[in-house]
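The lines below spell out each chain.
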Amino acid sequence: VQLQASGGGLVQAGGSLRLSCAASGRTFSSYAMGWFRQAPGKEREFVAAISWSGGSTYYADSVKGRFTISRDNAKNTVYLQMNSLKPEDTAVYYCAADPVGVVVTEPYDYWGQGTLVTVSS
């Protein structure tokens, strides 16, 4: 599976962005998908995950209620809708795929290249 993340950019605090992650391969619909982020000088952290069917989701406490993960298996794409953005959300965001299919926070077998989100105060 190859993953291509996009949709990052510069936004003011309180604003919104939607990240997309396009996947190649016919097995996308059987994979669980996750979003992670890495802020400057910090370790990579889990953000959100969604099961293969989209029926289960899981969020880090820091984004719960503000971010929404979803997927469109017909388009081989997973999304991360980010609302009420805060400066502390500034990071490179990565999408990842796990062949197990159920929601997990780690480990993930396949990773995209990352897209930068910058939230100004």
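In short, a report on the structure.

Calculation rules
- Residues numbered from 1 in each chain as written.
- Predicted model: local features only at pLDDT ≥ 70, side-chain atom pairs only at ≥ 80, totals over all residues.
- Heavy atoms only, no water.
- Helix = DSSP H or I, 4+ residues; strand = E, 2+ residues; numbered from the N terminus.
- Rg over C-alpha atoms; globule rule 2.2 N^0.38 Å.
- Buried < 20%, exposed > 50% of the residue type's maximum accessible area, 1.4 Å probe, protein only.
- Contact = heavy atoms within 4.5 Å.
- Core = buried A, V, L, I, M, F, W, Y, C linked by side-chain atoms within 4.5 Å.
- Polar contact = N/O pair within 3.5 Å; in protein donor to acceptor, adjacent residues only side chain to side chain.
- Pairing = 2+ DSSP bridges.
- Axes fitted to C-alpha atoms, helices over the stretch in contact; angles between N-to-C directions.
- Salt bridge = Lys/Arg side-chain N within 4 Å of Asp/Glu carboxyl O.
- Disulfide = S-S within 2.5 Å.

## Some thoughts on the overall build of the protein
(1) Moving on: On a plain count of helices and strands, the protein comes out with zero helices and eleven strands.
(2) Moving on: The helix and strand sequence of the protein, counted from the amino end, reads β-β-β-β-β-β-β-β-β-β-β.
(3) Moving on: Its C-alpha atoms give the protein a radius of gyration of 13 Å, within 12% of the compact-globule value 14 Å for 121 residues.
(4) Moving on: Seen through its C-alpha atoms, the protein measures out along the principal axes to roughly 40 × 25 × 25 Å.
(5) Moving on: By the burial criterion, 45% of the 121 residues in the protein qualify as buried.
(6) Moving on: A separation of at least 24 residues holds for 57% of the contacts in the protein among residues at least 6 apart in sequence.

## Quick look at the nonpolar core
(1) Moving on: By size, the foremost hydrophobic cluster in this structure holds 36 residues, and its most contacted members are Met33, Trp35, Leu80, Met82 and Tyr93.
(2) Moving on: Secondary-structure elements contributing two or more residues to this core are β1 (3-6), β3 (17-23), β4 (32-38), β5 (45-50), β7 (67-72), β8 (77-82), β9 (91-98) and β11 (115-120).

## Here we look at the side chain of Arg66
(1) Moving on: Along the chain, Arg66 turns up in the loop between β6 (57-59) and β7.
(2) Moving on: We classify Arg66 as buried; its relative accessible area is 11%.
(3) Moving on: In this structure the side chain of Arg66 is engaged in a polar contact, spanning 2.9 Å, whose partner is the backbone oxygen of Ser62.
(4) Moving on: Discounting chain neighbours no more than four positions away, the residues touching Arg66 are Gln81, Met82, Asn83, Ser84, Leu85, Lys86 and Asp89.

## A word on the sheet that holds β7
(1) Moving on: A sheet is described by the order of its strands in space; here four strands give the open sequence β1-β3-β8-β7, paired in antiparallel fashion. Taken across any chain shown, the strands that pair with only one partner, and hence form the sheet edges, are β1 and β7. Each strand axis lies, on average, 15 degrees off the axis of its neighbour in the sheet, ignoring direction.

## Topic: the pattern of salt bridges
(1) Moving on: Enumeration according to the criterion identifies four salt bridges in this entry.
(2) Moving on: Measuring nitrogen to oxygen at the nearest pair gives 2.7 Å for the salt bridge that ties Asp89 to Arg66. One end of the pair, Asp89, is in the loop between β8 and β9; the other, Arg66, is in the loop between β6 and β7, and 23 residues separate them in sequence.
(3) Moving on: Here Asp89 falls in the buried class, since its relative accessible area comes to 1%.
(4) Moving on: Overlapping salt bridges, with partners in common, bring together Arg37, Glu45, Arg66 and Asp89 in one network.

## Re the side chain of Ser20
(1) Moving on: As for its placement among the helices and strands, Ser20 is situated in strand β3.
(2) Moving on: Ser20 has contacts with Gln4, Ala5, Ser6, Trp35, Thr77, Val78 and Tyr79, leaving out every residue within four places of it along the chain.

## Observations regarding the state of the cysteines
(1) Moving on: Under the definition given, this model contains one disulfide.
(2) Moving on: Covalent S-S linkage joins Cys21 and Cys95, the inter-sulfur distance amounting to 2.1 Å. Across the S-S bond of Cys21 and Cys95 the torsion is about 60 degrees, and the bridge reads as right-handed. Residue Cys21 is located in strand β3, and its partner Cys95 is located in strand β9; the two are separated by 74 residues in the primary sequence.
(3) Moving on: Overall, Cys21 belongs to the buried group, its relative accessible area being 0%.

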